[in-house]
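# Breakdown of the fold
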Amino acid sequence: MKHNPFITNGLSIGFGLLFLFSLVGQAFSGLAYYNEQQVASQLDEIGLLQYVTSSSFVVDVAENWQSEYLQFTLLILLAVWLVQKGSPESKEIDKRGRQSDKEQLVGQFAKPNSPKWAKAGGWRTAVFSNSLGLVMGAIFVGSWLVQSVAGFSAFAESQLANLQDPGTWSEYLGSPEFWNRTLQNWQSEFLAVWSMVILAVYLRQRGSPESKAVGMPHDKTGASN
Amino acid sequence: MVRRRSCTRAATVGTAVVLGAVALTGCSSLNPGTDDAAKTAQEFHSAVAAGDGETACNLLAPSAVEELEDGAPGACSDKLLELVIPGASQVTDSKAYGSNAQVLMDQDTVFLTRSGDTWKVTAAGCTPQGESPYDCEVKGS
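Residues numbered from 1 in each chain as written. Chains lettered and ligands numbered in written order. Predicted model: local features only at pLDDT ≥ 70, side-chain atom pairs only at ≥ 80, totals over all residues. Heavy atoms only, no water.

### Description of the overall build of chain B
- Scanning chain B for helices and strands turns up five helices and five strands.
- In sequence order, chain B lays out its α and β elements as α-α-α-α-α-β-β-β-β-β.
- Put simply, chain B has 141 residues, and 41% of those count as buried.
- In chain B, once contacts between residues fewer than 6 apart in sequence are set aside, the share between residues at least 24 apart is 42%.
- Here chain B displays about 7300 Å² of accessible surface, and carbon together with sulfur accounts for 51% of that area. (Helix = DSSP H or I, 4+ residues; strand = E, 2+ residues; numbered from the N terminus. Buried < 20%, exposed > 50% of the residue type's maximum accessible area, 1.4 Å probe, protein only. Contact = heavy atoms within 4.5 Å. Areas by Shrake-Rupley, 256 points an atom, 1.4 Å probe, with all protein chains shown as cover.)

What follows is the structure, encoded as structure tokens:
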């Protein structure tokens, strides 16, 4: 049965729109806040383009991106080996590890409709077998790098406003400011994953693939709706 | 199957473009207009050295003028020329981050802030105090 593509892509479209609305909202509210400070200092207000290319906007965006991508990268990778009895976020206890080629449908065990690189063998299958973690991890590293550069620029700007030397990027990487910005995001992401893994053992959300079926026993691991 | 491959590639390229754009915008704001800031610092010192308080005051940020006048509007020029601001003419280094800049000169360190398309001096006649803020003869609040 053929479905409307807006239905078959509803989850990605929905979150894509939520992301765009939030980012635009962040840009406008951040600009308003920035200009309030400019007016208080009797300085000219700035425009939207100038604000969204400023280090203060970029660092705010990047520090949230890096922590979100770190969260999902770690969940993807650690859940290969770590399990949680009763959680729909976990594999079954006996499936810990990378599993056999037969279980993963790679190489000679690939199906006719398996992705080409799953059948190819060699480096292609090795890369494709880790592509989700690699890409998510690369986005994390890239976002963290952008955070460090834009964060240094924003920090240096506030140092200059306070009549202090701006310092250097390498000094900033070891500064309390950088690690405070980083860790305050990490702790919230790790708490959210931890809560999800544990709460989903005992609680249900009817119809959601993030939950077990309502009547599923608490100790049933790796089951989704 | 073809569609899945092209989607994966598109997603990877898209991600790279977004990250590149973010990196570029972050970097583009690192050192905007250091030359202009240095020029303004030099003009300020030239005006002070020439006894042209009015021109020097026009180059100050509003908060620095207010601090200098201390409740006596119009007194900026006279009060500025009474201060002991070390003479400086050569720029040795200049750094600008966002809307603030620091210009290191042969005998002085000048701090500036961007207002519209121009730089305004927020502090001059500054001596370093280690980790603490510079001690400045002229400074905005």
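### Some words on the overall build of chain A
- In terms of helices and strands, chain A carries ten helices and zero strands.
- The secondary structure elements of chain A, listed N-terminal to C-terminal, are α-α-α-α-α-α-α-α-α-α.
- Its C-alpha atoms give chain A a radius of gyration of 23 Å, clearly above 17 Å, the size a compact globule of 225 residues would have.
- The principal-axis extent of the C-alpha atoms belonging to chain A is close to 65 × 40 × 35 Å.
- Split into buried and exposed, the 225 residues of chain A put 34% on the buried side. (Rg over C-alpha atoms; globule rule 2.2 N^0.38 Å.)

### Here we look at the sheet that holds strand β4 (residues 118-129) of chain B
All names here are of chain B.
- Spatially, β1-β2-β3-β4-β5 is the arrangement adopted by the five strands of the open sheet, whose pairing is antiparallel. Each end of this open sheet is capped by a strand with a single partner; those strands are β1 (91-97) and β5 (132-139). Neighbouring strand axes in the sheet, compared pairwise and without regard to direction, differ in orientation by 30 degrees on average.
- With five bridges connecting them, strand β2 (residues 100-105) and strand β3 (residues 109-115) associate as antiparallel partners. Residue pairing in the sheet places alanine 101 in a bridge with leucine 112 of β3.
- Of the strands in this sheet, β1, β2, β3 and β4 touch helix α2 (residues 34-49), which is tilted by about 55 degrees from β2. (Pairing = 2+ DSSP bridges. Axes fitted to C-alpha atoms, helices over the stretch in contact; angles between N-to-C directions.)

### Some points on α2 of chain B
Residue and element names in this part refer to chain B.
- Relative to the 22 Å expected for 16 residues at 1.5 Å per residue, α2 spans 23 Å between its end C-alpha atoms, a close match to the ideal helical length.
- All of the buried residues along α2 are Thr34, Ala37, Ala38, Thr40, Ala41, Phe44, His45, Ala47 and Val48.
- Looking at the packing, one finds that the buried side of α2 touches α3 (53-58), α5 (76-82), β1, β2, β3 and β4.
- Where α2 terminates, the next one or two residues include glycine 51, which has phi positive at roughly 75 degrees. (Expected span 1.5 Å × (residues − 1).)

### Topic: the pattern of salt bridges
- Summed over all chains, the structure comprises three salt bridges over all chains.
- Each of the salt bridges in this network shares a partner with another, and the network as a whole consists of Asp60, Glu63, Glu177 and Arg181 of chain A. (Salt bridge = Lys/Arg side-chain N within 4 Å of Asp/Glu carboxyl O.)

### Observations concerning the packing of helix α4 (residues 55-81) of chain A against helix α10 (residues 176-202) of chain A
Residues and elements named next belong to chain A.
- Where α4 meets α10, the closest approach of the two axes is 9 Å, and the angle between their N-to-C directions is 40 degrees. Classified by the angle between their axes, α4 and α10 sit oblique to one another. Helix-helix and strand crossings are classified by hand; for α4 and α10 the assignment is right-handed. Contact residues: Val59, Asp60, Glu63, Asn64, Gln66, Ser67, Glu68, Leu70, Gln71, Leu74 and Leu75 in α4; Arg181, Thr182, Asn185, Trp186, Glu189, Phe190, Ala192 and Val193 in α10. (Parallel < 35°, antiparallel > 145°, perpendicular 65-115°, else oblique. Left-handed = near helix turned anticlockwise from the far one by under 90°.)

### Quick word on the side chain of serine 56 of chain A
Residue and element names in this part refer to chain A.
- Here serine 56 shows up in helix α4.
- Here serine 54 takes part through its side chain, which lies 3.3 Å from a polar atom of the side chain of serine 56.
- Serine 56 has contacts with Tyr34, Tyr51 and Ala154, leaving out every residue within four places of it along the chain. (Polar contact = N/O pair within 3.5 Å; in protein donor to acceptor, adjacent residues only side chain to side chain.)

### Quick look at the pairing of β5 of chain B
Residue and element names in this part refer to chain B.
- For β4 and β5, the ladder comprises five bridges, and the chain directions are antiparallel. Bridging from a neighbouring strand, alanine 123 pairs with lysine 139 of β5.
- Linking β4 back to β5 in an antiparallel pair, the connection comprises two residues, with glycine 130 at a positive phi of about 70 degrees.

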